[in-house]
Amino acid sequence: MAAPPDMELCSALSLELLPTDPLLLILSFLDYRDLVSCCYLNRRLNQLSNHDPLWKRHCKKYWLISEEEKGRRNQSWKAIFISTYSDLGRYIHYYATLKKAWDDLEKYLGQWCPRMIGSLKESVREEDLDAVEAQIHCKLPDDYRCSFRIHNGQKLVVPGLMGSMALSNHYRSEDLLDIDTAAGGFQQRLGLKQCLPLTFCIHTGLSQYMALESVEGRNKYEIFYQCPDQMARNPSAIVMFITGTSYLEWFTSYVNKVVTGGYPIIRDQIFRYVHDKECVATTGDITVSVSTSFLPELSSVHPPHYFFTYRIRIEMSKDALPEKACQLDSRYWRITNAKGDVEEVQGPGVVGEFPIISPGRVYEYTSCTTFSTTSGYMEGYYTFHCLYYKDRFFNVTIPRFHMVCPTFKVSTAAGSCLHTISGLSQDFRRSFPVALTVVDEDQDSTGTDDSRDRRRVLDIPAPSGCCPRHT
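It should be emphasised that the depicted structure is a prediction, and the values quoted were computed from it without experimental measurement.

### Some thoughts on the overall build of the protein chain
Here is step 1: Check the secondary structure of the protein chain and you find 14 helices and 20 strands.
Here is step 2: Out of the 471 residues belonging to the protein chain, those deemed buried represent 49%.
Here is step 3: Pairs at least 24 residues apart make up 65% of the contacts formed inside the protein chain by residues separated by at least 6 positions.
Here is step 4: When the accessible area of the protein chain is evaluated, it comes to approximately 22,300 Å², of which 53% is carbon and sulfur surface.

In structure tokens form, the structure reads like this:
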């Protein structure tokens, strides 16, 4: 009996008879797992799946291996993929994203904050991370582990990799903790149970913590700043200002903000001021722009006291006529909280100064405000007089800028607490060797016409939570 036509067709189109090029094209669309599976189907697919160019895409996609690095390693693409997978395979869904973030950050720091590069630590081994898990009796998330396989945080120095903030009597600079220091600060106390510190500020004792378990009202792997709930009967009750939902999201979003210029670099430090591109106003030849930041360490939910700082940039166009030079005399603020309550403030100068603005010149200063609500906004104007026509006065608009407290939640910790929050900060601080680099002088006001890069050894007074408001 003759074979049916369809069976004859299948025989004619057997895998062994198909040309190589279309099969390789088909295999080039497979993910690495499917490509490996093809090795076990039959001899032909085994031969084709070992075609080295097929593994080039996977090496670049998952491990960011360049042609130059391949040349240095003197291995085939498949061999590189397999050897890298044997070391970092558990992180294959995180590695490329985190490695790119670290590479972008290092490149940016090399250009704008070169001395910070020296504070970064080399990677750790798998066994080091396993040892930490055994020490704290808790599993570390894979994205966190993966980051430390690239860089083990940084040394305890100033400035910190995770950003700085400075007011006239308050300074904060957060280091990204190495794995051993973070493990030493792992908490099992009420209020911060099973929380691992990610950052630390030597001056304020402030940390950002990551919850390793879903306890006390936290979501697993949530990242937050903590501050005491001053009105709670339970001394272990804390308020958590949420800064991330996972390590990957937290770290990469910060790096993206840095490398895209979202945070200003002020004398070799990353300052965490956020600028809304629409928050700019131009009056004649003068442009005013504002960036803002929320300070959790000076804020409180109970009682409500939300502390914000803002940095204002006043610039005159370089194309303005010389006779347009002028001096700031006074300021007017209209401050509105989330309830619609309005406060008006008027006074001489800004931060005790009366800056002169001329073509191409920039003046910047920092001030602060507090709200009893989680958000609010400010707007107003500056009054200037012309230097060439001293009897001529005019107002320059300050654009409306909004300040919003990040999402927060209150810990559900119950029972008595063994240590106070302030005690925690002191204990944590004593466990760190103080190794400070030098930083710049007072950041409250700067004139960019002064090209001198002045620095001094850090001498920051104890934070009081106060600063000249609405200046």
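Now that the structure has been shown, we can carry on.
### Structural notes on the sheet that holds strand β1 (residues 164-167)
Here is step 1: Here three strands make up an open sheet; going across it, the order is β1-β2-β4 and the pairing antiparallel. Two strands in the sheet have a free side with no partner beyond their single neighbour: β1 and β4 (199-201). Neighbour-to-neighbour, the strand axes of this sheet turn through a mean angle of 20°, independent of strand direction.
Here is step 2: The sheet contact formed by β1 and strand β2 (residues 170-176) spans four bridges and is antiparallel. Pairing of M165 across the sheet is with R172, part of β2.

### A word on the packing of aromatic side chains
Here is step 1: Per the counting criterion, the structure on display carries 26 aromatic pairs.
Here is step 2: Plain terms: the ring middles of F294 and F308 are 5.3 Å apart, the flat faces sit at 55° to each other, and that makes the pair tilted. Within this pair, whereas F294 is found in strand β9 (residues 286-294), its partner F308 is found in strand β10 (residues 306-316), the two being separated by 14 residues in sequence. In terms of burial, F294 and F308 fall into one category: buried.
Here is step 3: Aromatic ring contacts, followed pair by pair, group Y32, W55, Y62, W63, F81, Y85 and Y95 into a single cluster.
Here is step 4: Taking NZ or CZ as reference, R392 lies 4.5 Å from the ring centre of Y389, over its face.

### Quick word on the layout of surface pockets
Here is step 1: Approximately 770 Å³ is the volume found for the largest pocket.
Here is step 2: Around the largest pocket, the lining is made up of 32 residues, and of these Y263, R272, V274, T292 and F294 lie nearest the centre.
Here is step 3: Those elements that provide at least two residues to the lining of the largest pocket are β7 (238-244), α13 (247-259), β8 (274-283), β9 and β16 (393-404).
Here is step 4: Looking at side-chain class alone, the lining of the largest pocket contains 17 nonpolar, eight polar and seven charged residues.
Here is step 5: Shared between two domains, the lining of the largest pocket takes at least three residues from each, and those domains are domain 2 (95-259) and domain 3 (273-405).

### Some words on helix α5 (residues 53-63)
Helical periodicity: at 3.6 residues per turn, an α-helix aligns residues three or four positions apart in one direction.
Here is step 1: Looking only at α5, the buried set comprises L54, W55, H58, C59, Y62 and W63. Projected onto a plane normal to the axis of α5, the buried residues spread over an arc of 125° and lie on a single side.

### Let's talk about the packing of helix α8 (residues 95-112) against helix α11 (residues 142-150)
Here is step 1: One can describe the packing of α8 onto α11 by two numbers: an axis separation of 10 Å at closest approach and a directional angle of 45°. Classified by the angle their axes make, α8 and α11 are oblique. Between α8 and α11 lies a crossing of right-handed hand. Together, Y95, L98, K99 and W102 of α8 and D143, C146, S147 and I150 of α11 make up the contact between the two elements.

### Description of the pairing of β16
Here is step 1: In terms of strand pairing, strand β15 (residues 375-386) meets β16 through ten bridges, oriented antiparallel. The partner of H385 across the bridge, within β16, is F393.
Here is step 2: What sits between the antiparallel neighbours β15 and β16 is a turn of six residues.

### Let's talk about the environment of D229
Here is step 1: Checked against the element boundaries, D229 lands in the loop between β6 (223-228) and β7.
Here is step 2: Measuring from C-alpha to C-alpha, the distance between D229 and H302 comes to 5.7 Å, with 73 residues separating the pair along the chain.
Here is step 3: The contact partners of D229, leaving out residues within four places of it in the chain, are A237, I238, V239, H302 and V410.
Here is step 4: Among the polar contacts made by the side chain of D229, one reaches the side chain of H302 at a distance of 3.1 Å.

### A short note on the pairing of strand β12 (residues 342-348)
Here is step 1: As defined by bridge partners, strand β11 (residues 326-337) adjoins β12 across seven bridges and the pair is classed as antiparallel. Residue pairing for β12: S330 is matched across the bridge by P348.

### Re the pattern of salt bridges
Here is step 1: In the structure shown here, the tally under the stated rule is 26 salt bridges.
Here is step 2: Here D142 makes a salt bridge to R90, at a shortest N to O gap of 2.8 Å. In this pair, D142 sits in helix α11 while R90 sits in the loop between α7 (77-88) and α8, placing the two residues 52 residues apart along the sequence.
Here is step 3: Classification of D142 as partly exposed rests on a relative accessible area of 23%.
Here is step 4: The exposure class assigned to R90 is partly exposed, which follows from its relative accessible area of 43%.
Here is step 5: The partner of D128 in a salt bridge is R125, and the shortest N-O contact between them spans 3.0 Å.
Here is step 6: Shared partners join several salt bridges into a network, and the residues in it are D87, R90, E126, D130, E133, K139, D142, R145 and R149.

Scoring rules and cut-offs
Residues numbered from 1 in each chain as written. Predicted model: local features only at pLDDT ≥ 70, side-chain atom pairs only at ≥ 80, totals over all residues. Heavy atoms only, no water. Helix = DSSP H or I, 4+ residues; strand = E, 2+ residues; numbered from the N terminus. Buried < 20%, exposed > 50% of the residue type's maximum accessible area, 1.4 Å probe, protein only. Contact = heavy atoms within 4.5 Å. Areas by Shrake-Rupley, 256 points an atom, 1.4 Å probe, with all protein chains shown as cover. Pairing = 2+ DSSP bridges. Axes fitted to C-alpha atoms, helices over the stretch in contact; angles between N-to-C directions. Phe/Tyr/Trp six-rings, centres within 6.5 Å; stacked < 30°, edge-to-face > 60°. Lys NZ or Arg CZ within 6 Å of the ring centre and 35° of its normal. 1 Å grid on protein atoms, 1.4 Å probe; cavity = no way out; pocket = protein on both sides within 12 Å on 5 of 7 lines; lining within 4 Å. Points joined across faces, edges and corners; volume = space filled by probe spheres on them. Nonpolar A, V, L, I, M, F, W, Y, C, P; charged D, E, K, R; others polar. Domains from an automatic or database assignment. Arc of directions from axis to C-beta. Parallel < 35°, antiparallel > 145°, perpendicular 65-115°, else oblique. Left-handed = near helix turned anticlockwise from the far one by under 90°. Polar contact = N/O pair within 3.5 Å; in protein donor to acceptor, adjacent residues only side chain to side chain. Salt bridge = Lys/Arg side-chain N within 4 Å of Asp/Glu carboxyl O.

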